[in-house]
Protein chains: 2
Amino acid sequence: MTKWVYSFGGGVSEGRADMKNLLGGKGANLAEMASLGLPVPPGLTITTEVCTYYYDNGQSYPPELTAQVEAALAQIEAAVGARFGDVANPLLVSVRSGARVSMPGMMDTVLNLGLNDETVEGLAKNSDNPRFAWDSYRRFIQMYSDVVLGVDHYHFEELIEMLKEDKGVDLDTELEADDWKQLAGEFKAKTEEVLGRPFPQDVKEQLWGAIGAVFGSWQIERAKVYRRLNNIPESWGTAVNVQAMVFGNMGDTSATGVAFTRNPSNGTREYYGEYLINAQGEDVVAGIRTPQYLTKAAREEAGAKAASMEESMPEVYKQLADVFDKLERHYRDMQDIEFTVQHGKLWMLQTRSGKRTAKAALKIAVDLVEEGLIDEKTAVLRVDPAALDQLLHPTLDPTAPRDHFTRGLPASPGAAAGIVVFDADEAETLAKDGKDVILCRVETSPEDIHGMHAARGILTARGGMTSHAAVVARGMGRPCVSGAGTLRIDTKAGVMTSLGREIKQGDFITIDGASGEVYVGAVKTLQPELHGDFAKLMVWADEYRKLRVRTNADTPNDTATAREFGAEGIGLCRTEHMFFEGERIVAVREMILAEDVAERKKALAKLLPMQRGDFVEIFKIMRGLPVTVRLLDPPLHEFLPREEDEFEDVAKAMGVSVDKLKRHAADLHEFNPMLGHRGCRLGITYPEIYEMQARAIFEAALEVVSSTGDTVVPEIMIPLVATEKELAMLRARVEKVAETVFAEKGEKVDYMVGTMIELPRAALRAGDIANSADFFSFGTNDLTQTTIGISRDDAGRFLDQYVKLDIFAVDPFVSIDQDGVGDLVKLGAERGRATKPGLKLGICGEHGGDPASVEFCHRVGLDYVSCSPFRVPIARLAAAQAALKG
Amino acid sequence: MTKWVYSFGGGVSEGRADMKNLLGGKGANLAEMASLGLPVPPGLTITTEVCTYYYDNGQSYPPELTAQVEAALAQIEAAVGARFGDVANPLLVSVRSGARVSMPGMMDTVLNLGLNDETVEGLAKNSDNPRFAWDSYRRFIQMYSDVVLGVDHYHFEELIEMLKEDKGVDLDTELEADDWKQLAGEFKAKTEEVLGRPFPQDVKEQLWGAIGAVFGSWQIERAKVYRRLNNIPESWGTAVNVQAMVFGNMGDTSATGVAFTRNPSNGTREYYGEYLINAQGEDVVAGIRTPQYLTKAAREEAGAKAASMEESMPEVYKQLADVFDKLERHYRDMQDIEFTVQHGKLWMLQTRSGKRTAKAALKIAVDLVEEGLIDEKTAVLRVDPAALDQLLHPTLDPTAPRDHFTRGLPASPGAAAGIVVFDADEAETLAKDGKDVILCRVETSPEDIHGMHAARGILTARGGMTSHAAVVARGMGRPCVSGAGTLRIDTKAGVMTSLGREIKQGDFITIDGASGEVYVGAVKTLQPELHGDFAKLMVWADEYRKLRVRTNADTPNDTATAREFGAEGIGLCRTEHMFFEGERIVAVREMILAEDVAERKKALAKLLPMQRGDFVEIFKIMRGLPVTVRLLDPPLHEFLPREEDEFEDVAKAMGVSVDKLKRHAADLHEFNPMLGHRGCRLGITYPEIYEMQARAIFEAALEVVSSTGDTVVPEIMIPLVATEKELAMLRARVEKVAETVFAEKGEKVDYMVGTMIELPRAALRAGDIANSADFFSFGTNDLTQTTIGISRDDAGRFLDQYVKLDIFAVDPFVSIDQDGVGDLVKLGAERGRATKPGLKLGICGEHGGDPASVEFCHRVGLDYVSCSPFRVPIARLAAAQAALKG
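Within an unreviewed UniProt entry, the label attached to chain A reads Pyruvate, phosphate dikinase, and the organism entered is Gimibacter soli. Of chain A, the UniProt comment under Function (unreviewed entry) reads exactly: "Catalyzes the reversible phosphorylation of pyruvate and phosphate." Heading Cofactor (unreviewed entry) of the UniProt record for chain A holds this comment: "Mg(2+)".

Draft legend 1. Summary view of the overall build of chain A. A tally of helices and strands in chain A yields 36 helices and 34 strands. The buried share of chain A, reckoned over its 886 residues, is 58%. Taking contacts inside chain A between residues at least 6 apart in sequence as the whole, the part at least 24 apart equals 68%.

Draft legend 2. Region of the structure containing the relation of the copies chain B and chain A. If you rotate chain B by 180 degrees and push it 0.1 Å along the axis, it lands on chain A with an RMSD of 0.3 Å. Both copies are brought into coincidence by an operation consistent with a two-fold rotation axis.

Draft legend 3. Spatial organisation of the packing of aromatic side chains. Residue and element names in this part refer to chain A. Under the defined criterion, the tally for this structure stands at 46 aromatic pairs over all chains. Linked through ring pairs, Tyr54, Tyr55, Tyr61, Trp208 and Phe215 together constitute an aromatic cluster. Taking NZ or CZ as reference, Arg227 lies 3.8 Å from the ring centre of Trp218, over its face. Looking at Lys662, its charged tip hangs above the ring of Phe647, at a distance of 5.6 Å from the centre.

Draft legend 4. Fine view of the sheet that holds strand β6 (residues 93–99) of chain A. All names here are of chain A. In spatial order, the strands read β2-β1-β3-β8-β6-β7; together these six strands make up an open sheet with antiparallel pairing. Edge positions in the open sheet fall to β2 (12–13) and β7 (109–113), since each of these has one partner strand only. Examined bridge by bridge, β6 and β7 share three bridges and lie antiparallel to one another. For Val93, the partnering residue across the bridge sits in β7 and is Leu113.

Draft legend 5. Representation of the side chain of His155 of chain B within the structure. Residue and element names in this part refer to chain B. The residue His155 is located in helix α6 (residues 154–167) in this model. On the accessibility criterion, His155 (15% relative accessible area) is buried. Not counting residues up to four positions away in its chain, the partners in contact with His155 are Lys190 and Val194.

Draft legend 6. Fine view of the nonpolar core. If you look at the biggest cluster of nonpolar residues, it comprises 316 residues, and the most contacted ones within it are Phe698, Ile718 and Phe776 of chain A together with Phe698, Ile718 and Phe776 of chain B. Ignoring any residue separated from it by four or fewer positions in sequence, one finds Ile718 of chain B in contact with Leu631, Cys680, Tyr690, Leu727, Leu730, Val734, Val753, Gly754, Thr755 and Met756 of chain B.

Draft legend 7. Representation of the packing of helix α25 (residues 644–654) of chain B against helix α26 (residues 658–667) of chain B in the model. All names here are of chain B. The contact between α25 and α26 brings their axes to 9 Å, and the two run at 110 degrees. Comparing their axes, α26 and α25 come out roughly perpendicular. Counting all contacts with α25, which are made through Glu644, Phe647, Glu648, Val650, Ala651 and Met654, the residues of α26 involved are Val658, Leu661, Lys662 and Ala665. Its residues placed into classes, the contact of α25 with α26 shows seven nonpolar, no polar and three charged.

Draft legend 8. Focus on the interface of chain B and chain A. With 49 residues of chain B at the contact, the number on the chain A side is 49 residues. Surface buried jointly by chain B and chain A totals about 4,400 Å² across both partners, of which 55% is contributed by carbon and sulfur atoms. Looking at the side of chain B facing chain A, the largest losses of area belong to Leu675, Arg761 and Arg797 of chain B, adding up to 15% of the total buried there. Viewed at the interface, chain A and chain B are joined by six salt bridges. For Asp823 of chain A, the salt bridge is made with Arg831 of chain B, and the minimal N-O distance between the two is 3.0 Å. Summed over the shared surface of chain B and chain A, the number is 26 residue pairs in polar contact (both at pLDDT 80 or more). Secondary-structure elements contributing two or more residues to the side of chain B that touches chain A are α27 (680–685), α29 (724–745), α30 (760–764), α32 (780–788), α33 (796–804) and α34 (821–835) of chain B. Partitioned by chemical class, the residues of the side of chain B that touches chain A number 20 nonpolar, 13 polar and 16 charged.

Draft legend 9. The arrangement of the pattern of salt bridges in detail. Residue and element names in this part refer to chain A. Taken as a whole and assessed by the stated rule, the structure comprises 122 salt bridges over all chains. The partner of Asp774 in a salt bridge is Arg731, and the shortest N-O contact between them spans 3.0 Å. Of the two residues, Asp774 sits in the loop between α31 (766–769) and β32 (775–779) while Arg731 sits in helix α29 (residues 724–745), which places them 43 residues apart along the sequence. Given the relative accessible area of 23%, Asp774 is considered partly exposed.

Draft legend 10. Inspection of the pairing of strand β22 (residues 495–498) of chain B at higher detail. All names here are of chain B. Note that strand β21 (residues 488–490) and β22 share three bridges and pair antiparallel. Bridging from a neighbouring strand, Ile489 pairs with Met496 of β22. The antiparallel pairing of β21 with β22 creates a hairpin that spans four residues between the two strands, and Gly494 there sits at a positive phi of about 70 degrees. One ladder, built from four bridges, connects β22 with strand β23 (residues 501–504); its direction is antiparallel. Counterpart to Val495 in the pairing with β23 is Lys504. Taking the residues that link successive antiparallel strands as the turn, the β22-β23 hairpin has two residues, and the phi of Leu499 there is positive, at about 50 degrees.

Draft legend 11. Expanded view of empty space enclosed by the protein. Residues and elements named next belong to chain B. Going through the model one piece at a time under the given rule, you end up with seven cavities of 30 Å³ or more. The space that makes up the largest cavity amounts to roughly 50 Å³. What lines the largest cavity is simply Asp389, His393, Ser412, Pro413, Arg474, Gly477, Ser868, Phe870 and Arg871. Across the lining of the largest cavity, the residue classes break down as two nonpolar, four polar and three charged. Of the residues that make up the lining of the largest cavity, three or more belong to each of domain 3 (393–526) and domain 4 (545–885).

Draft legend 12. Spatial organisation of the sheet that holds strand β12 (residues 335–342) of chain B. All names here are of chain B. As summarised here, the arrangement of the five strands in space is β11-β10-β9-β12-β13, forming an open sheet in which the pairing is antiparallel. Of all strands in the sheet, those with a lone pairing partner are β11 (292–293) and β13 (345–353), marking the two edges. Sheet analysis places strand β9 (residues 255–260) next to strand β10 (residues 272–277), joined by six bridges and oriented antiparallel. Pairing of Thr256 across the sheet is with Leu276, part of β10. The sheet strands contacting helix α13 (residues 314–331) are β9, β12 and β13, and the helix crosses β13 at an angle near 30 degrees.

Conventions and cut-offs
- Residues numbered from 1 in each chain as written.
- Chains lettered and ligands numbered in written order.
- Predicted model: local features only at pLDDT ≥ 70, side-chain atom pairs only at ≥ 80, totals over all residues.
- Heavy atoms only, no water.
- UniProt positions renumbered as here; feature names shortened; annotations may be inferred.
- Helix = DSSP H or I, 4+ residues; strand = E, 2+ residues; numbered from the N terminus.
- Buried < 20%, exposed > 50% of the residue type's maximum accessible area, 1.4 Å probe, protein only.
- Contact = heavy atoms within 4.5 Å.
- Least-squares fit on C-alpha atoms with pLDDT ≥ 70 in both.
- Phe/Tyr/Trp six-rings, centres within 6.5 Å; stacked < 30°, edge-to-face > 60°.
- Lys NZ or Arg CZ within 6 Å of the ring centre and 35° of its normal.
- Pairing = 2+ DSSP bridges.
- Core = buried A, V, L, I, M, F, W, Y, C linked by side-chain atoms within 4.5 Å.
- Axes fitted to C-alpha atoms, helices over the stretch in contact; angles between N-to-C directions.
- Parallel < 35°, antiparallel > 145°, perpendicular 65-115°, else oblique.
- Nonpolar A, V, L, I, M, F, W, Y, C, P; charged D, E, K, R; others polar.
- Buried area = accessible area lost by both parts, 1.4 Å probe.
- Salt bridge = Lys/Arg side-chain N within 4 Å of Asp/Glu carboxyl O.
- Polar contact = N/O pair within 3.5 Å; in protein donor to acceptor, adjacent residues only side chain to side chain.
- 1 Å grid on protein atoms, 1.4 Å probe; cavity = no way out; pocket = protein on both sides within 12 Å on 5 of 7 lines; lining within 4 Å.
- Points joined across faces, edges and corners; volume = space filled by probe spheres on them.
- Domains from an automatic or database assignment.

Here's what the structure looks like:
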């Protein structure tokens, strides 16, 4: 016979913590605590299999269920010494749902079940507290009617309000036993009025009603939506827990509280919690009375008067502290605990792993290893990689005063204070003078990159989480608040306003990229702590991960940061970002607007030493590690002059008229630059550009090798390849440049030539393309744009709504769309490796720093991920977790 | 023992026409003719397997080859009655390559092989023609030295020129026997000087040298490139044909000629060809002498004097005519023939299927069926579908005088004459007045569509084969010449100029969209003949094809045309094209620029009756057949006002300021509209638009059903779906509109809801999407753009070069990229049908009218293709051929 019901407490414990699938999380943990000998009010758990049976069989129960529940109920009665429905000594129970994982939308709790017009009198007599008994009864009617019978709670609230008005009192606490008795009667009448049948007096009927309500709530809309969003299968079902009630509100020797076994905010090893004497569980949470501290130390530190539990109930506190230690040793993790003290007796109502801040997670994981409770692997799995982001950036000092100015989207984490500057050039100039600058723009464009780089932080009035400002700032690790709706910027006048306040160029502001808040003045910030626990955890993570972690870095500065964060090479160095720097842009524009090959080569000759210089610095910093350099990618018109004076500069440098230049620039206009003349298409049509870049790379590599003796491993990456032939042609050209440079210098370096797989066709034809590639790097930013047909620059208008409507579970530019884009990555990896088993595979683009995407990369067998410098630790940890889970 | 050599002629015939793989095309056909008892100079064929052996074995021959060649040579000697290398009676041979398919780049021919200092004397004596003998010898030395020995031919030409100068003559024909003898000596000396060894006198050495040259030429660069471009495997190899020489230049009873068994230009059943008395084969082609007609009838029709072969050589002519008939009956196709008459005896040198015009192909195929030579299936396979294009459009009368003005790209076929108009509105007005108009623009934009539609033809100064003008014109079936480089248009002044000539608005011009030529004045055009042979072939094609053929049509006009061309429904009706018509654009703009839902609904209410009216007309014309209506697709800003007066119109209609309107319009700007806020994304964010469109469709369908009693089958197509959820949401909305309209009218129609698969993600997730779709239509235009990452609007800058460099074998917007985009179509079809086996699958977009793409669609199992009206017959024929080949 199937066992549908498991007992716990009162010396029995049929379940265990590892039976969550059958008993749900709550039931399994109650059983576990009971089996540890902890004081758990006795109860029973109806298994999740009953839920499955219920829905598989037209919402009916297994025939044996009634008998099994009755038997288990009898055990509870025996343990408690009271009987369910007994007029003299009634057993009261709570009924709670309990799925494998906590699930909003499910029926939560019915308390005090077992009360009726007769048993309430017994309770009053036994507790010697009629007010408590009638209050409990009316609470039960209210809760049961609402949750089980579907009578809206406002009916009851109205009745309470009317009575208080009649009596001329303001607070519930001013109502007395008789008042609650009267209300209990009115509540019952109201329920009967709404439903057309009386409130159930039969306690068995009450019990089965509540059990049915739990199972029924498994299929209500909110629960279904939650499951779909969180990939929880319908088939899991929920369990039902029926447990003897205990009361913390039975006088001054009773109490109720919640506690963490360690400080959940910073991870310190200290008991941390609150309790209230003569109160019910919900009172602690509701905030009607101020809860008191658990420990003397905490009370003293806070300078509070009200006695701590350690002081007021030393015996029970000692018992509780023992329970804390026992539970921590048992569960090997910080626990979040609910308890009740009834007439001086401690009862444990719940234990579970406690939620914690990133800082606490890190400290607790490391401490638990040092305490010998967990091993390093477990510690690595305990810290949420995404949460590390908080730790890697400066934060606002929580004690510093703040003066709110405006609020936008938390576009790139970190806090920064500085003077307001509205222009990128000025930002650069002031930064060079040692000023901390916050660049404030309506929105940013590629022309602002040097200013963004020079600034401490970026604030924009327009643009979403995937706007230019947001993407570039995250890439650079600069704090950014984007799309501050109330902000109006008048660049010409040099002022910005929000909510009636004005800030001038040169005034101080502070932005918090983690919250999106912007403050007037300079708020004190705290620097991140990257040594100690953080460093320890990273060492452990590195031991277990299979994926290598590289960085996307375009400047020596970023390269150095990334190496500090543990990057094992550069996975993406975007040479075009170098083109925007300083005075180069004029030479770049000459190159683009050249009328013929000769003119273009002249302009390229000016750029060669600059590019070579960049590469020399980057190669030096990344010595011994691979550096993937992507040849020029963006459409040419991105570099074009826009303002009149820019046109004049270029016209002067080229010796042509501004008009002619403008016509030529207009010719370069593209309707869809994303899908236009860029990437290797430029390499094919203007061979001189890639030849110059290849020469700069090889010359730089030889220079670093000969000056430092270090190894330099350039990996030259051809972007936007759609066919093998493009890659084969350009590879041949790069090889020719290599031969020429090596012959000129009489020295060689090893190098690789590979491609980005960033077009669906490239993924599909990866089998051919692999013939001409030493490596693939999946450019999932562009691959997402083309696979889903969404321009990241334009997605703002509908992508938020798409995420809200759950068309996309997450923004596909943040976490890789595994079903669509991911399918192509998988296909590309398989087809590429089928041709060339040793093909090196990586991913670059922002997904490389997203934990879910990193896990995906591990699963499909890539060799490395590459992400922005500040996300390198996140990727390292995520990669380790992926390896440990896999 | 492997048979490496096959003999033919002289009563022997070891090969057959179907042995092309082994003997090559030429060898197989010579053997076939010989076995038919036709007079073929005897010869031998060294098989293609020798070529394979040669390259597999370090360029050496099979050991048995020499003996087999000698034996076959002996047979030739016996048949001819002369001996190879015999001084008194020398056998001369030609050596020719012969692969399975004719292949440029391969060594072609060495003639007169077997001549040396001694045999030339024998030839002189036997032919009684020393000039002929010495001329043949020097030709042989020249040809052999060039082709086999690699001595540049200019050496020899120089020597001839020097001799002619010495002798003071101008023409080769003025040189005499002794002159040629002298030159033969000088040629030999020159070859020895260049090579350092004497010209081979041993005829066997000559023979094996020539054979080796043929095999060697299989691997020269030009041949390799040709094979790669045409997908000819290396492994096929070439055969070598050694054949006894015959001479048409042995006096007045000798002759040489080429002929077709039917007229290759119009298909008429008449012998068609030319011959020359006392001449060699190359003389007919070279054009030094004017060839004479073959038949008396042809001579008389041309009013020529020189006797036809029928008249001058009646006996041989009769024999030749018999051969023609025999060959046609045997090969069951029109033949292209080479022959030589030597001393009154006819020799057949070649036969092969003759090239022909589309018109001739059609007539010949139909005639051959009627003559009982081929069946209908074969006839269907004989006509190149792409060539039909020529027949479906007006053409210029070939006899009409022409006055060249400019030349552009042949962007859309057909010829048209009309008056020049520079403005779309004016074109529409004048067309309404019954004028034939040619719309001339620098380039066209969506704003010009009504003018393009009203015009007879379109001429643009800028833009390629895939420019807006070209694409839209092809879709409408309007002739178009695009990108006429010399053309300068001054719209304001109302003139255009090219090469110094000026044409004013109102002047007549004629454009030929098949050639790209533009003429001054009205050139007479001929209308296409769509009945007779064309109609017959189409009926046969329809019997065999499996694919249905629908049309892309947005207007009643196009719909009617397409139905005439045999369209079996509409596969794509682009509702946005209707939005541009006449005064609607103002209401459309109001809709787009609406500030809220109420304003938008107000504008949509104006559009509803217009859309409904369009659908009523289209449904009526397509009664009984399915009509797929695609809901609004393009990005909103495509409809925005551009000119000041347009802004004013809309501002007035909406009662807002022009400034405000402009700001709003600027907000709608997108960086990559292709990947922007369009298609179903509009449907999701502005539900009112699709609701209006669905209502218009259902109301129109009900109106047509109730007024005509015909069946109407609307298939509503949701564009740009990337996820099932989008489709499910919008499908639910369409269904709700349907219920509402059906309830209002008290009537129902059957309808379907499906989607375009035009994003890679949609193809990848076709399995999910099929759950919410009744049909898929692969939108291969957009799918090509996203899969390859190429914007069609911007591709001009590099796509031509890509095709030239063979990165793409053909423009992927013209013929589907089967390896990339096609792979996704296949995947989408498979995954969709795996979910829903009965899922209706089609393709829309220009590929639907491309024969190779149609064959692909047949192969992957689609149900239908949809193409522009004028391509419907092409698709029908291509579909039939695909079915017959499959």
